[in-house]
Amino acid sequence: MKDKITTIIGVALCTFFLIGLATTLTRSMMIGFKDVLPVYILMGIVIAMMFYEAFGDKK
């Protein structure tokens, strides 16, 4: 149970960090949405892989 809580906290903190990192790019006036779209795609893939690795069935 303790490992599950630690995993949930770790994944949540990492997810918030990655989302914050991706959203700070859109705040700049010189960077458009088309420039940031690959970053959003990669962050989505990374977050999905992180959740799969943390909570996927390990046989």
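What this report covers is the structure whose coordinates are included nearby. A quick note: this is a predicted structure, and the numbers were derived from the prediction, not measured. (Residues numbered from 1 in each chain as written. Predicted model: local features only at pLDDT ≥ 70, side-chain atom pairs only at ≥ 80, totals over all residues. Heavy atoms only, no water.)

Topic: the overall build of the protein chain
Test applied: Each helix is a run of DSSP H or I of at least 4 residues and each strand a run of E of at least 2, with the numbering of both proceeding from the N terminus. Per-residue accessibility, obtained with a 1.4 Å probe over protein chains only, is compared with the maximum for each type, and a residue is labelled buried under 20%, exposed over 50%, and partly exposed between these values. Method for areas: the Shrake-Rupley scheme with a 1.4 Å probe, in which residue coverage is limited to the protein chains shown. Charged residues are defined narrowly, with Lys and Arg counted positive, Asp and Glu counted negative, and His plus the chain ends left uncounted. By convention, charge coordinates are those of NZ in Lys, CZ in Arg, CG in Asp, or CD in Glu.
What the protein chain contains, in helices and strands, is two helices and zero strands. Along the longest, intermediate and shortest principal axes, the C-alpha atoms of the protein chain span 45 × 20 × 5 Å. Evaluated residue by residue, the protein chain yields a buried proportion of 15% over its 59 residues. A total of about 5100 Å² of accessible surface is found on the protein chain, and carbon and sulfur atoms cover 73% of it. One finds the centroid of the 6 positive side-chain charges in the protein chain at a distance of 4 Å from the centroid of its 4 negative side-chain charges.

Observations concerning the packing of aromatic side chains
Selection criterion: A pair of Phe, Tyr and Trp rings is counted when the ring centres sit within 6.5 Å of each other, with Trp represented by its six-membered ring. The angle between the planes then sorts it: under 30 degrees is stacked, over 60 is edge-to-face, the rest tilted.
Counting across every chain of the model gives two aromatic pairs. Between F33 and Y40, the aromatic rings sit 6.3 Å apart at their centres with planes inclined by 40 degrees, giving tilted as the arrangement. Note on F33: relative accessible area 55%, which makes it exposed. Relative to F55, the ring of F51 lies with its centre 6.0 Å away and its plane at 35 degrees, an arrangement referred to as tilted. Placement of the pair is F51 and F55 together in helix 2 (residues 33-55), with a separation of four residues, close to one helical turn. Looking at F55, the relative accessible area reads 33%, which means it is partly exposed.

Here we look at the side chain of T15
What counts is decided by this rule: We call two residues contacting when some pair of their heavy atoms lies within 4.5 Å.
Within the element layout of this structure, T15 appears in helix 1 (residues 2-26). Residue contacts for T15: discarding those within four places in its chain leaves I47, M50 and F51.

Details of the packing of helix 1 against helix 2
Where we set the bar: Working convention: axes come from line fits to C-alpha atoms, limited for helices to the stretch in contact. Angles between N-to-C directions cover 0 to 180 degrees. If an angle is under 35 degrees, it is roughly parallel; if it is over 145, roughly antiparallel; if it lies from 65 to 115, roughly perpendicular; otherwise it is oblique.
Contact pair helix 1 / helix 2: the axes reach a minimum separation of 10 Å and the direction vectors enclose 180 degrees. Looking at the two axes, helix 1 sits roughly antiparallel to helix 2.

Details of the environment of K34
Mapped onto the elements, K34 comes out in helix 2. In sequence terms K34 and T7 are 27 residues apart; their C-alpha atoms lie 34 Å from each other.

Treat this as a map of the structure, not an account of what it does.
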